[in-house]
Amino acid sequence: MIIEGQNDVSDHNDTQLVTFEMRGDVALVGLNRPAKRNAISDRFVNEIEVNVRRARDTARAAVLFGHGPHFCAGLDLGEHVKKSPMEGVQNSRRWHEVFSQIEFGPIPWFAALHGAVVGGGLELAAATQVRIADESTFFALPEGQRGIFVGGGGSVRIARLTGVARMADMMLTGRSVDATLGERWNMVQYVVPKGEALETAIELAEQAATNSSFSNYAVINALPRINQMAADDGLFVESFVSSFAATTPEAEARLNDFLQRGKGKVKAPGQT
Ligand code: 1HE
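Cut-offs applied
- Residues numbered from 1 in each chain as written.
- Predicted model: local features only at pLDDT ≥ 70, side-chain atom pairs only at ≥ 80, totals over all residues.
- Heavy atoms only, no water.
- Near = heavy atom within 4 Å.
- Polar contact = N/O pair within 3.5 Å; in protein donor to acceptor, adjacent residues only side chain to side chain.
- Areas by Shrake-Rupley, 256 points an atom, 1.4 Å probe, with all protein chains shown as cover.
- Helix = DSSP H or I, 4+ residues; strand = E, 2+ residues; numbered from the N terminus.
- Nonpolar A, V, L, I, M, F, W, Y, C, P; charged D, E, K, R; others polar.
- Expected span 1.5 Å × (residues − 1).
- Buried < 20%, exposed > 50% of the residue type's maximum accessible area, 1.4 Å probe, protein only.
- Contact = heavy atoms within 4.5 Å.

Asks: Pulling in residues and values, what's your account of the site of the ligand?
Replies: Close to the ligand lie 22 residues; Lys36, His70, Ala73, Gly120 and Arg146 are nearest. The contact in question runs from an oxygen atom of the ligand to an N or O atom on the side chain of Arg37, over 2.9 Å. In the environment of the ligand, an oxygen atom lies 2.7 Å from a nitrogen or oxygen atom belonging to the backbone of Gly120. A total of 1000 Å² of accessible area belongs to the ligand in isolation, and the protein chains cover 66% of it. Secondary-structure elements contributing two or more residues to the shell around the ligand are strand 5 (116-118), helix 4 (120-126) and helix 5 (143-146). Within the shell around the ligand, the residues separate by chemical class into 10 nonpolar, 6 polar and 6 charged.

Asks: Lay out helix 3 (residues 85-103) with the relevant residues and their values.
Replies: Taking 1.5 Å of rise per residue, the 19 residues of helix 3 would be expected to cover 27 Å, and the 27 Å separating its terminal C-alpha atoms lies within 8% of that figure. For helix 3, the full list of buried residues reads Gly88, Asn91, Ser92, Trp95, Val98, Phe99, Gln101, Ile102 and Glu103. Where helix 3 is buried, its residues contact helix 1 (42-58), helix 2 (77-80), strand 4 (109-113), helix 4, helix 6 (154-162) and helix 10 (213-221).

Asks: Now, about helix 13 (residues 249-261): what can you tell me, with residues and values included?
Replies: Compared with the 18 Å implied by 1.5 Å per residue over 13 residues, the 17 Å span of helix 13 between its first and last C-alpha is a close match. Positioned one or two residues after helix 13, Gly262 has a phi angle of 65 degrees, which is positive.

What follows is the structure in structure tokens.
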């Protein structure tokens, strides 16, 4: 695989921190600071944003992965230690701004995880819609040991994914969670053999890329919002989203494809 800009040098200022490649309709966005375990600096956040927008403008689905031995070691602690409280707030708000573009954008994001998915790395992964971990993956929130707190959206996204009690346990005790437990705890939807997360994520993203773009938009943007509403409000909003979806030309063509040609028949798991 040719990854544009892949580079294993640690010099922060000279390295392209995020790689971008198109595979058909799928954008592959790679965290590329392996010498520092993909620790996220201010410049790194900016490059993530540039490439999230590039994916949004050119792809129908995207995969986020990490170059090197780990997905991501979270916040760049070396840079963070020098920040004032106000700079810390602004830094956290900037992470929120960028990660929200993944969470509530027009295209679905699939995170391919391996090795450490730690602190801000887990916060970043939690902003994607689907997470695939290989068996080498481990999750941790060492903020407690570092004397800091999550700031990249974790108290909302991770807590909602896995529950406050589990997140508090991880933060208070420094507990490290493996891929299997991570799946049981709802942090990932898939666990695959070591080294297979990226290819699996690409296959899933390719599948999602064939969906109607309006349906994908509704899944990404309506589903999590409805989930936060009172049940009756959610049901009301659902009726409008589903009614609008059915009026799109894509929906009409796809419904007719099934009704007239049997296209897209649902298969049992494992059926080819
Ligand atoms: C780093 C960072 C980092 C590695 N910031 N430089 N995150 C953490 O507290 C995780 C800290 N990192 C680790 O626990 C380990 O590095 C790992 C388990 C992720 C990987 O271990 P390993 O043995 O593969 O690598 P290493 O030898 O520990 O690290 C290689 C280099 O990366 C080394 O630098 P070098 O110059 O000595 O080679 C490390 O210092 C450097 N490095 N992680 C800066 N995070 C918005 S709020 C979010 C809050 C958080 O994310 S808190 C969690 C921060």
